[in-house]
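Per-entry structural report
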Amino acid sequence: MSLYDDTVLVLKGYENQPELRQAYLDHLAAHQDGMWKACDAGHITASSLVIDPGRGRVLLTLHRKLRMWLQMGGHCEPGDASLAAAALREATEESGIAGLTLLKGGPVRLDRHAIPSPCHWHFDVQYAAVASPDAAHAISDESLDLRWFPYDEVADVADTSVVRLLEETRTRLGV
């Protein structure tokens, strides 16, 4: 199965946010290159909120270009076997944490946001990745900083997209 086919299957199985989900599917139907960064009309991205549920905290990256605290994530690559694999790869690369595991149940949220030219949109499929309490992180070239934040401090540093992702993740965890 191709990454494109896997993504369509994941989106068709995602039951929340039906209008936004349909916008993603319409985008992919209209753009055969809609998975890739080269698609100027927008492209699918995969991200993961790295969480430590035992300590009630999340790891955020201070994005080098955007200068915002965000979850780990980025562009799909041809070698990614699935959308989940892309999200996990990005989380591992950007956090430096080995052994992350995606929270069961597939994507947590979808978030479409405008980005600067030449592309117009990121169609982000957002997951959550669980880190062990003793996980050691390392700042990547894409970050200015990497920091653990208690759940209740995320709204003070991050935008509403990250806050919504955290809320949905906590709901899924039952905390």
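Structure's up top.
Throughout what follows, the structure given in this document is the object of discussion.

What counts and what doesn't
- Residues numbered from 1 in each chain as written.
- Predicted model: local features only at pLDDT ≥ 70, side-chain atom pairs only at ≥ 80, totals over all residues.
- Heavy atoms only, no water.
- Helix = DSSP H or I, 4+ residues; strand = E, 2+ residues; numbered from the N terminus.
- Rg over C-alpha atoms; globule rule 2.2 N^0.38 Å.
- Buried < 20%, exposed > 50% of the residue type's maximum accessible area, 1.4 Å probe, protein only.
- Contact = heavy atoms within 4.5 Å.
- Areas by Shrake-Rupley, 256 points an atom, 1.4 Å probe, with all protein chains shown as cover.
- Lys, Arg positive; Asp, Glu negative; His and termini not counted.
- Charge placed at Lys NZ, Arg CZ, Asp CG, Glu CD.
- 1 Å grid on protein atoms, 1.4 Å probe; cavity = no way out; pocket = protein on both sides within 12 Å on 5 of 7 lines; lining within 4 Å.
- Points joined across faces, edges and corners; volume = space filled by probe spheres on them.

Counting secondary structure elements, the protein contains 5 helices and 8 strands. Radius of gyration (C-alpha) of the protein: 15 Å, near the 16 Å computed for a compact globule of 175 residues. For the protein, the spread of C-alpha atoms along the three principal axes comes to 45 × 35 × 30 Å. For the protein, the residues scored as buried account for 49% of the 175 residues in total. Within the protein, contacts between residues at least 6 apart in sequence are counted, and of these 67% link residues at least 24 apart. In the form shown here, the protein has an accessible surface area of approximately 8600 Å², with 53% of it arising from carbon and sulfur atoms. Charged side chains of the protein number 16 positive and 25 negative; the gap between the two group centres comes to 2 Å.

Attention now goes to the layout of surface pockets. Quantified by volume, the largest pocket comes out at close to 950 Å³. As for the largest pocket, its lining consists of 34 residues, of which His 63, Leu 66, His 75, Ile 115 and His 122 are closest to the centre. For the lining of the largest pocket, the secondary structure elements donating two or more residues are β1 (43-52), β4 (72-75), α3 (83-95), β6 (109-114), β7 (121-130) and α5 (160-173). Element by element, the count of residues in the lining of the largest pocket is highest for β4, at 4 residues.

In short, shape yes, function no, at least from these values alone.
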